[in-house]
Amino acid sequence: MITRKKFLKIGAATFAGAAVGSTLFRKKDVLQAGQQTVTETDDVRQIPTFCEICFWKCGMIAHVKNNQVLKVTGNPDHPLANGRLCPRGTSALGIINDKDRLQTPLIRVKENGEETFKPVSWNAAFDYIAEKLQPIIERHGADKIALFSHGHGGSFFKTLMAAMGSKTITAPSYAQCRGPRAEGFRLTYGYGVGSPEVIDMPNARCVAMIGTHLGENMHNTAVQDLSIAIERGASFITVDPRYSTMAGKSDYWLPIKPGTDIALLLAWMNVMIQDEIYQKDFVANNTVGFEQLKEHVRNKTPEWAFVQTGIEPEVIRKTAHLLARNAPAAMVHPGRHVVWYGDDTQRSRAIAIINALLGNWGKKGGFYIPASYPMASNGSPPYPPEQKYHFPDSMYYPFATAIPAQSIVQASRMDVEDIPAEERIRAWIVYGCNAPMTLPDPEGVEKAMSALELLVAVDILPMEITGYADVVLPECTFLERHDDFDARPNRTPYVAIRQPVVEPMYQSRPGWWIAKELARRIQVNGESLERYFPYNNQEEKLKTEAELSGFSYEEIKSRGAVTKSAVIYDYNPQMRFPTPSGKIELYSDVLKEVGFDPLPEYYPPEEPPNGYFRLLFGRHPVHTFSRTTNNNVALEIFGENELWVNAKVADYLGLKSGYYVTLENQDGARSDKIKVKVTQRIRQDCVY
Ligand code: SF4
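From a predicted model like this one, the values you see are computed outputs, not experimental measurements.

Now for the nonpolar core. Among the nonpolar cores identified, the biggest contains 97 residues, and W268 and L323 are the most heavily contacted of them. Sorting elements by how many residues they give to this core places helix α9 (residues 261-274) first, with eleven residues. The residues contacting W268, other than those within four sequence positions of it, are A208, I237, V239, L254, I316, T319, A320, L323, V332 and I354. Among the nonpolar cores identified, the runner-up in size contains 39 residues, and V120, I429, V456 and V458 belong to it.

Structure follows, in structure tokens:
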């Protein structure tokens, strides 16, 4: 029988007796040599770093006086910020000053028969964790320890995992958000589309957005690029059951029936091929499988698609022609969150294929070829051989290039037949992921968490995951710590620094230090893992890496980012793609070999039961994940979600704006109450 793990609330009272920890805390440990600090006598200083409210990582300037951040602004020297932040980045003050922040390490204990959190010293927390992890490594193997990681600071915990020999690493964002897009494009081009996406939006002349709502989704540079494209007169086609902000900027709004995107995409292909308006030279030089594709879409006419999607055939024809007329400076945007109906990888394949018909890979106004600075590593010893967790067939996805979080959840449970006891995953380290709220099947997640021998949550604020943890480790915020350099592939290659702009509050500590201290206490083959963290502090590591890579550390530190220009449109007809054929694979033998459709096929989604609506969801401009739900700056702007209900439906149901309702899904799960917003901006069969 599984005993459910009790959810423990963390509040101010939890830390009331935390003095024991503070006696062990030495503030000087946190301030590294050469780090900029602010004294009482300093005037306002501007210290560059990069943002972590979402994961776009825009360059930020913190305006600091007397160890207080007064405001944050965008760094003009950083190519993802260009001097601006999005509304969420601007709310960074709300995180650092959040009165609910985790203050000291906590361990779950039983007192008087009741489970509770006890504030402990960092040493006590590390010793406790090491005592639990060591026997798991020795008896069951390091692969039975899993890491959930989301955010730039996760890199130190990935090093810790590699040092232990475990590859059991996941990010919920893979299977729950953008994994199908990555694999759909990889199966077609051999490349994913990256983050930031390799989209040359400023030079595009026509863009179709299908299920993506830039403008409400506020990834900073993406929205800046969109504004430039709008200003330059680009045409937009928005496909969305809801009249989004993007739809309001578009030449066409296609209020599609949810779940039928593939039908529309196939019909667009049909028009482009039948009317011979696709990029013929590009397709002939760079693709395989065109004849099979042509045959496949022969009957997928706009009239056929109208029945599925509800979009008039004439509109389908006109929009296909609008895209083709502007090619190759035209694209169907690959989206970002693409997980909806189970056909998501094929849907992304269809988007990838239609872009090939538009001939826009490596072209101005299409998909650019990104560049990056190769950064040298500061050289740790070779890692031990990886122990790769072998998932049973029921949890195995042949084309997944990362482990879906749900597979780790399944493999951690005691009640899943395919997982014998000796194969069970026994410990989770959760960095910056609010797993109970992020993952589907909350009951299954709770069963998995209850079965673990150890659940460590590294976070900044109390949230659902910390309430279920055995040990809670308070990381300091991104404004209080060094992390690794950011040097991702981009249109303008760059290397950017995250550095502390103020001292950490309470006893919170940086992730690099937490991972290093844990490594010091864990042994593999009789040797401590500390040798995988061969530096005294993170700034020392950054300095070494900058020097080895030919940069001036002082320049990166003072400017926040250094950049160089790069050639971004390097299409040539002999271009090779990293696919089995070396070409863009419109038809995929690889998919066929394992029994999947080699070309995207449309299967109508199951209709909702009578009286049910499709639930649409998306982003709000001032909120992101669980990271802003307690942020008083963000909440002041938008403090409460609303449920969009079509005006006619609302009239029929007797609902008015401001009424509260609860939602129930087909499994009987009920939501909390939510305020109704009556609007004409949504189809009648949906709520948002
Ligand atoms: Fe921060 Fe906004 Fe940039 Fe995300 S997009 S990193 S929240 S400024």
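The topology assignment puts C86 in the loop between β3 (68-74) and α2 (87-90). Owing to a relative accessible area of 10%, C86 belongs among the buried residues under this scheme. Each C-alpha atom of the pair C86 and E601 lies 38 Å from the other, and the pair is 515 residues apart in sequence.

Another point: the site of the ligand. Taken together, 13 residues lie near the ligand, and C51, C54, K57, C58 and C86 sit nearest. The pocket occupied by the ligand, as judged from atoms lying within 2 Å of grid points, is the largest cavity. For the shell around the ligand, a count of residues per class yields eight nonpolar, three polar and two charged.

We now examine the sheet that holds strand β12 (residues 330-332). Pairing in this open sheet of four strands is parallel, and the strands run β10-β9-β8-β12 from one edge to the other. Of all the strands in the sheet, just β10 (252-254) and β12 have a single pairing partner and so form its edges. Taking each pair of neighbouring strands and ignoring which way they run, the sheet shows an average axis angle of 10 degrees. Contacts from helix α13 (residues 313-326) reach β8 (206-210), β9 (235-239), β10 and β12 within the one sheet, and its direction differs from that of β10 by about 130 degrees. Strands in contact with helix α14 (residues 344-357) are β8 and β12; relative to β12, the strand with the most contacts, it is inclined by about 170 degrees.

Here we take up unusual backbone geometry. Leaving glycine out, the prevailing phi sign among residues is negative, and the prevailing peptide bond configuration is trans. With an omega of 0 degrees, the peptide bond between S195 and P196 qualifies as cis. Along the chain, P196 falls in the loop between α6 (172-189) and β8. Residue P328 is bonded to the preceding A327 through a cis peptide linkage, with omega at 5 degrees. Its location among the elements puts P328 in the loop between α13 and β12. Notably, N67 is not glycine yet its phi reads approximately 60 degrees, a positive angle. Within the fold, N67 resides in the loop between β2 (59-65) and β3. Positive phi, close to 50 degrees, is recorded for Y506, a residue that is not glycine. Along the chain, the position of Y506 falls in the loop between β16 (494-496) and α19 (511-521). With relative accessibility at 32%, the residue Y506 sits in the partly exposed group.

Enumeration according to the criterion identifies four cavities of 30 Å³ or more in this entry. Roughly 80 Å³ of volume is contained in the largest cavity. Partitioning the lining of the largest cavity into residue classes produces eight nonpolar, three polar and two charged.

Below, the discussion takes up the sheet that holds strand β6 (residues 145-149). The strand order across the open sheet formed by seven strands is β5-β4-β15-β14-β13-β6-β7, and the pairing between neighbours is mixed. Single-partner strands in this sheet number two, and they are β5 (114-119) and β7 (169-170). Inspection of the sheet shows strand β14 (residues 454-459) paired to strand β15 (residues 471-474) by four bridges, in the parallel sense. If you follow V456 over to β15, its bridge partner there is V471.

What counts and how
Counting of residues starts from 1 at the beginning of each chain's written sequence and follows it residue by residue. The model is predicted, so local features are restricted to residues of pLDDT at least 70 and side-chain atom pairs to those at 80 or more, both for listing and for counting; the totals for chains, interfaces and linings are taken over all residues. Processing note: side-chain calculations cover all non-hydrogen atoms of the structure and skip hydrogens and water entirely. For this analysis, a nonpolar core means a set of buried residues of the types Ala, Val, Leu, Ile, Met, Phe, Trp, Tyr and Cys, connected via side-chain atoms within 4.5 Å. Note on exposure labels: buried denotes an accessible area under 20% of the residue type's maximum, exposed denotes more than 50%, and partly exposed covers the range between, all computed with a 1.4 Å probe on protein chains only. Strands here mean DSSP runs of E at least two residues long; helices mean DSSP runs of H or I at least four residues long; both are numbered from the N terminus. Should any heavy atoms of two residues lie within 4.5 Å, those residues are considered in contact. Whether a residue is near a molecule or strand depends on its heavy atoms: it is near if one of them lies within 4 Å of it. A cavity, in this analysis, means grid points on a 1 Å lattice covering only the protein atoms where a 1.4 Å probe fits yet has no way out; a pocket is instead an open set bounded by protein on both sides within 12 Å along at least five of seven lines, and a residue lines either one if it has an atom within 4 Å of a point. Assignment of a molecule to a cavity or pocket requires that more than half of its atoms lie within 2 Å of the corresponding grid points. All residues other than Ala, Val, Leu, Ile, Met, Phe, Trp, Tyr, Cys, Pro, Asp, Glu, Lys and Arg, Gly among them, are scored as polar; the first ten of these are nonpolar and the last four charged. At least two bridges found by DSSP between two strands are what make those strands a pair. The convention used is that axes are lines fitted to C-alpha atoms, helices contributing only their stretch in contact, and that angles between N-to-C directions extend from 0 to 180 degrees. Grid points are joined across faces, edges and corners, and a volume is the space filled by probe spheres set on the points.

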